[in-house]
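# Reading the structure
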Amino acid sequence: MNKKTIVIVGAGPAGLTAAYELLKKSKEYNVIVFEGSSEIGGISKTVNYKGNRIDIGGHRFFSKNDQIMNWWNTILPTQGHSSMDDLLLNKSKELDSKGPDPEQSDIVMLIRQRVSRIFYLKKFFQYPISVQPETFINMGLWRTAKAGFGYLAACVVKREENSLEDFYINRFGKPLYKMFFENYTEKVWGIHPSKLGADWGSQRVKGLSVLAILKDILTKPFKNAGSIDQKDIETSLIEQFLYPKYGPGQMWETVAQLIQANGGYIEMNSLVKELIIEDKKVVSVIVEKDGSTEHIACDYLISSMPIKDLIGAMKCDDLNDEVKKIAQDLPYRDFMTVGLLMDKLLITNKTKQQTWDNIVPDTWIYIQEPDVKIGRLQIFNNWSPYMVSDFKNKVWIGLEYFCNEGDELWKMKDEAFIQLAIKELDKIGIISEKDVNDSIRIKVKKAYPSYFGSYYQLDKVIDFLNPIENLYCIGRNGQHRYNNMDHSMLTAIECVKHITKETFDKNIIWRVNTEQEYHEKKS
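This text gives an overview of the structure that appears in the document. (Residues numbered from 1 in each chain as written. Predicted model: local features only at pLDDT ≥ 70, side-chain atom pairs only at ≥ 80, totals over all residues. Heavy atoms only, no water.)

### Some thoughts on the packing of aromatic side chains
- Enumeration according to the criterion identifies 28 aromatic pairs in this entry.
- Each ring, one from Tyr451 and one from Tyr455, has its centre 4.5 Å from the other, and the planes form 25°; the classification is stacked.
- Owing to a relative accessible area of 1%, Tyr451 belongs among the buried residues under this scheme.
- Judged by centre distance (5.6 Å) and plane angle (65°), the ring pair of Tyr455 and Tyr456 falls under edge-to-face.
- Take Tyr455: its relative accessible area is 11%, and that puts it in the buried class.
- Three or more aromatic residues link up through ring pairs in this structure, and these residues are Tyr184, Phe241, Tyr243, Trp364, Tyr366 and Trp383.
- Between Arg171 and the ring centre of Phe167, over which it is positioned, the NZ or CZ distance is 3.7 Å. (Phe/Tyr/Trp six-rings, centres within 6.5 Å; stacked < 30°, edge-to-face > 60°. Buried < 20%, exposed > 50% of the residue type's maximum accessible area, 1.4 Å probe, protein only. Lys NZ or Arg CZ within 6 Å of the ring centre and 35° of its normal.)

Pasting the structure below:
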């Protein structure tokens, strides 16, 4: 039997999910994954620096889709015994009695507690902003009064949602938007929220509002706090999530091994440079590796590469200049992380949550101070104790910066940028420079598809791509949509269903994460 060759571009969550699903469903496919870098996992990779692991961007493993939760649990089963930090603290939690022991096995998902707060005015605020006395005390009487009246005004007069600014003001009121959303959003995206599409809010925080927060507070006493099943909770408010013992990259490294064990091929450092298209079909790709090129014939092409690069690589007669221009101008936000190995932090744990050595319990902290460039701070000790080589004595943190490839921050030498980052955290009182033991800087291109500029004409690009019958665009960059990991995986799963003739509507792939009922349904 002649096998059909399926070329997959990109070894991130979407590409690897597609490869795994294809091989699981049938032996009739010859599946080849081409990855341009030397690392598995895309932006969901884990970087190992001297035994200290960095999660690029912070990846909670939680989905309202049962199929995804079960998929993850099949690859890495949920823990059945206490992890290192819980043993040290003598803490217990609801576990899977049949699950592995993270002290004995590496093939395991941990159940972790979500704590993420905002650091503003050199004080901590709950994220999302909570209706609690601590919030009002930290804000002060005048700011609290303004926020209250502003929210009431937003309830009475709704703005037409033409921008992300409109989206936030409608849900929180103008004063709260000014305090907690405006500056931070501009820091992340490099553009004012009034110029960003409201689509971002509808996809990322669609259920988040003051009313949603109040509802969560009122109903929390009646919920099972120990359960990982939190389908009725707005995603931004969930309190527990799953997390691989060694970070998100462990999930995708394990999946990659399973793909190869089932007869699939993963070619690293292999760039897909050209797509040859004839009669609305991709007939072959040209791949560059180690300075030489190879021509690969294919029956299907599944792309998770940035749409900008996909269109740029196409060789076909009917690709018009307008589509080329729209794709070429699609905006992206790039990303840098500085890992710092610390003796200690200056901020201490004043919450009721018990932690080892009394470090703050946050997985990440949103830095809202306007006089520093840092956007978020990750504390990897709290993601998993196994992310830190010396968990008992050191704190391993990640300082996250949002930038554009080629801008002033991006072009700085590693040592100069690391010093800038250290001085920023020292300036706002989170660390002391003298407590830094070691450091590393990591750059990630095209980490976040942006929602402005030619993004508003993306439909014209999609209309060009969709009629190419054996081409499928999946994942975050493959669709230029700021998907979470589970949504990226779902685009891959729907793609495979179309190839295997389980579904016949190719548009379903593009509708993932645009229809709330789709990704919250039980499977």
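### With respect to the environment of Ile307
- When you line up the elements, Ile307 lands in helix H11 (residues 307-313).
- The exposure class assigned to Ile307 is buried, which follows from its relative accessible area of 0%.
- Considered as a pair, Ile307 and Ile326 are 19 residues apart in the sequence and their alpha carbons are 10.0 Å apart.
- Ile307 has contacts with Ala327, Leu330, Tyr332, Leu458, Val461, Asn477, Gly478, Gln479, His480 and Trp510, leaving out every residue within four places of it along the chain. (Helix = DSSP H or I, 4+ residues; strand = E, 2+ residues; numbered from the N terminus. Contact = heavy atoms within 4.5 Å.)

### Description of unusual backbone geometry
- With phi around 60°, Leu121 is a residue other than glycine that occupies positive phi space.
- At Lys446, a residue that is not glycine, the phi angle is positive and equals roughly 50°.
- The residue Lys446 is located in strand E19 (residues 436-449) in this model.
- Classification of Lys446 as buried rests on a relative accessible area of 19%.

That is the geometry; function is a separate question.
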